[in-house]
Amino acid sequence: MADTPAIAARGVKVHFRTAAGLVRAVDGVDLTVPAGAFHGIVGESGCGKTTLARALIGLQPATSGEVRIVGRDRAEWQRSDRLGFARAVQFVFQDPLGSMSRRQTVGQTLEEPLLIHGSGNAVQRRARIAELLDLVALPASVLDRLPRSLSGGQRQRVAIARALALGPQLLIADEPLSALDVSVRAQIVNLFARLRDQLGLTIVIVAHDLAIVREVCSDVTVMYLGRVAEEGATKPLFADPAHPYSQALLSAVPSPDPRIEAVRPRVLLAGDPPSPRNPPPGCRFSTRCPVAEPACRTEEPALRAVIHGGRAACLLADAARHARIAHA
Ligand SMILES: Nc1ncnc2c1ncn2[C@@H]1O[C@H](COP(=O)(O)OP(=O)(O)O)[C@@H](O)[C@H]1O
Ligand SMILES: [Mg+2]
């Protein structure tokens, strides 16, 4: 069981039927997240990160595809044992305030999952709540407060504590920092890193802020227009991205290492991503790609192994990298 991935998703598609046509928000994603990993899903706004994250845990019905969570078919698990699934898998929403009842105190918010799952008597629940506050470094004095009277960072800690209440194996957080002031983001990043180490759970965060991902994530998936552009271990991928899209995305992120920062190539991304209503033929990135060749506009690239040890969906993957280095 130790080798069973926390998430194994194959061919996941989420298409939305709208008045203006079919939106291919997620369009054939394979994703493997090993147990105990801290995985980041990144990409520009609108590339399908939230839709994918929601589809992984059944918050969003998928058009097709299969998702296994810790070895079990997700759909079957939810049908046969909804509460068991909810104990094992938790989601932290982008807006912590929107996901809490405004009239419930922090104490009630944290007790709710314990009550729903019939976990312990009143004394045991109180002890568990104290433990949860401790885990997320909140003082007991917040218990009687209402969510709106808390700071953004405190609210996010409450949302995380509630997600941890039943001891999940997998926690997925959608843009957990985007509602926060820059000054408290680092604290929440550190909290996630500490929780991963302390509790040994698997964490997936969706983020458009690559600096966060670099700091805490062990592995990363880069999405572009509903598909995976590149994936791999964060460190080697960030040091040497193979896909021209990742190169462009990463070139906008300053490096903490002054030697790297001094020679960091800046690749500008022209324009906005095309609409997922009408993805371009061939490689979806070809319309914005600085190195695209004619074949890129007709042939859809599959993910293949690249030099950093991960995979990239680019016909020119390592060749494009060489071109970039030659021009730098
Ligand atoms: N319920 C919906 N109906 C129609 N289109 C949607 C719906 N939800 C998301 N989309 C579209 O799907 C695409 C991906 O959205 P989303 O998953 O929210 O991206 P991200 O989280 O990466 O910003 C966007 O073009 C968005 O407009
Ligand atoms: Mg989103």
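Analysis parameters
Residues numbered from 1 in each chain as written. Chains lettered and ligands numbered in written order. Predicted model: local features only at pLDDT ≥ 70, side-chain atom pairs only at ≥ 80, totals over all residues. Heavy atoms only, no water. Helix = DSSP H or I, 4+ residues; strand = E, 2+ residues; numbered from the N terminus. Rg over C-alpha atoms; globule rule 2.2 N^0.38 Å. Buried < 20%, exposed > 50% of the residue type's maximum accessible area, 1.4 Å probe, protein only. Contact = heavy atoms within 4.5 Å. Domains from an automatic or database assignment. Buried area = accessible area lost by both parts, 1.4 Å probe. Salt bridge = Lys/Arg side-chain N within 4 Å of Asp/Glu carboxyl O. Polar contact = N/O pair within 3.5 Å; in protein donor to acceptor, adjacent residues only side chain to side chain. Near = heavy atom within 4 Å. Areas by Shrake-Rupley, 256 points an atom, 1.4 Å probe, with all protein chains shown as cover. Pairing = 2+ DSSP bridges. Axes fitted to C-alpha atoms, helices over the stretch in contact; angles between N-to-C directions. Expected span 1.5 Å × (residues − 1). Arc of directions from axis to C-beta. Parallel < 35°, antiparallel > 145°, perpendicular 65-115°, else oblique. Left-handed = near helix turned anticlockwise from the far one by under 90°. Phe/Tyr/Trp six-rings, centres within 6.5 Å; stacked < 30°, edge-to-face > 60°.

Caption draft 1: The arrangement of the overall build of the protein in detail. Helices and strands together make up the secondary structure of the protein, namely 12 helices and 12 strands. The C-alpha atoms of the protein give a radius of gyration of 21 Å, which matches the 20 Å a tight globule of 328 residues would have. Its C-alpha atoms give the protein principal-axis dimensions of about 65 × 45 × 40 Å. Taken over 328 residues, the protein has a buried fraction of 49%. A fraction of 63% describes how many contacts in the protein between residues 6 or more apart in sequence connect residues 24 or more apart.

Caption draft 2: Region of the structure containing the domain arrangement of the protein. The domains assigned to the protein are domain 1 (7-217) and domain 2 (239-328). Listed as interface residues are 12 residues of domain 1 and, on the opposing side, 14 residues of domain 2. Interface area, domain 1 with domain 2, both sides summed: about 1100 Å², of which 55% is carbon and sulfur. Taken as a group, E44, L210 and R214 account for 48% of the area that domain 1 buries against domain 2, more than any other trio of residues on that side. Here domain 1 and domain 2 share 2 salt bridges between them. Note that D27 is salt-bridged to R284, the shortest N-O span being 2.6 Å. Counting across the interface, domain 1 meets domain 2 through 4 residue pairs in polar contact (both at pLDDT 80 or more). Taken together, the elements giving at least two residues each to the side of domain 1 that touches domain 2 come down to β2 (21-33) and α8 (210-216). Among the elements that make up the side of domain 1 that touches domain 2, the one with the highest residue count is β2 (5 residues).

Caption draft 3: Quick peek at the site of ligand 1. Close contacts around ligand 1 come from 13 residues, with G46, G48, K49, T50 and T51 the closest. At 3.1 Å from an oxygen atom of ligand 1 is found a main-chain nitrogen or oxygen belonging to G48. At a separation of 2.5 Å, an oxygen atom of ligand 1 approaches a polar side-chain atom of T51. Expressed as a share of its isolated accessible area of 570 Å², the protein-covered part of ligand 1 is 63%. If you list the elements that add at least two residues to the shell around ligand 1, you get β1 (7-18), β2 and α1 (49-56). No other element matches α1, which puts 3 residues into the shell around ligand 1.

Caption draft 4: Spotlight on the sheet that holds β2. Strand order in this open sheet of 4 strands is β2-β1-β4-β5, and the pairing throughout is antiparallel. Single-partner strands in this sheet number two, and they are β2 and β5 (72-73). Along the sheet, α1 makes contact with β1, β2 and β4 (64-69), crossing β1 at roughly 120°.

Caption draft 5: Quick peek at helix α10 (residues 244-251). Taken across its 8 residues, α10 has 8 buried, putting it largely inside the fold. Of the residues making up α10, those classed as buried are P244, Y245, S246, Q247, A248, L249, L250 and S251.

Caption draft 6: Fine view of helix α5 (residues 122-135). The end-to-end C-alpha distance of α5, which contains 14 residues, comes to 20 Å, matching closely the 20 Å that a straight helix rising 1.5 Å per residue would cover. Every buried residue of α5 is accounted for by R125, I129, L132, L133 and L135. Seen along its axis, α5 keeps its buried residues to an arc of 155°; they face one direction. Of the residues in α5, the exposed ones pointing more than 90 degrees away from the buried face are V123, R126 and D134. Along its buried surface, α5 packs onto α4 (106-116), α6 (152-164) and α7 (182-199).

Caption draft 7: Expanded view of the packing of α4 against α6. Put simply, α4 and α6 touch, their axes get as near as 8 Å, and they point 25° apart. Judged on the interaxial angle alone, α6 and α4 are roughly parallel. As for the relative orientation of α4 and α6, their crossing is right-handed in sense. Contact residues: α4 offers V106, T109, L110, E112 and P113, while α6 offers V158, A161 and R162.

Caption draft 8: Representation of the packing of aromatic side chains within the structure. On inspection of all chains with the given rule, the structure shows 6 aromatic pairs. One aromatic cluster is present, built from ring pairs that chain together Y224, Y245 and F285.

Caption draft 9: Unusual backbone geometry, seen in detail. Despite not being glycine, A137 shows a phi value in the positive range, around 60°. Mapped onto the fold, A137 is located in the loop between α5 and α6. Not every positive phi belongs to a glycine, and E175 is a case in point at roughly 45°. Topologically, E175 is positioned in the loop between β7 (170-174) and α7.

Caption draft 10: Fine view of the environment of S149. Relative to the helices and strands, S149 is located in the loop between α5 and α6. On the basis of relative accessible area, S149 is assigned to the partly exposed category, the value being 38%. Residues S149 and L132, 17 residues apart in the sequence, show an inter-C-alpha distance of 20 Å. A polar contact is formed between the side chain of S149 and the backbone oxygen of L146, at a distance of 2.9 Å.

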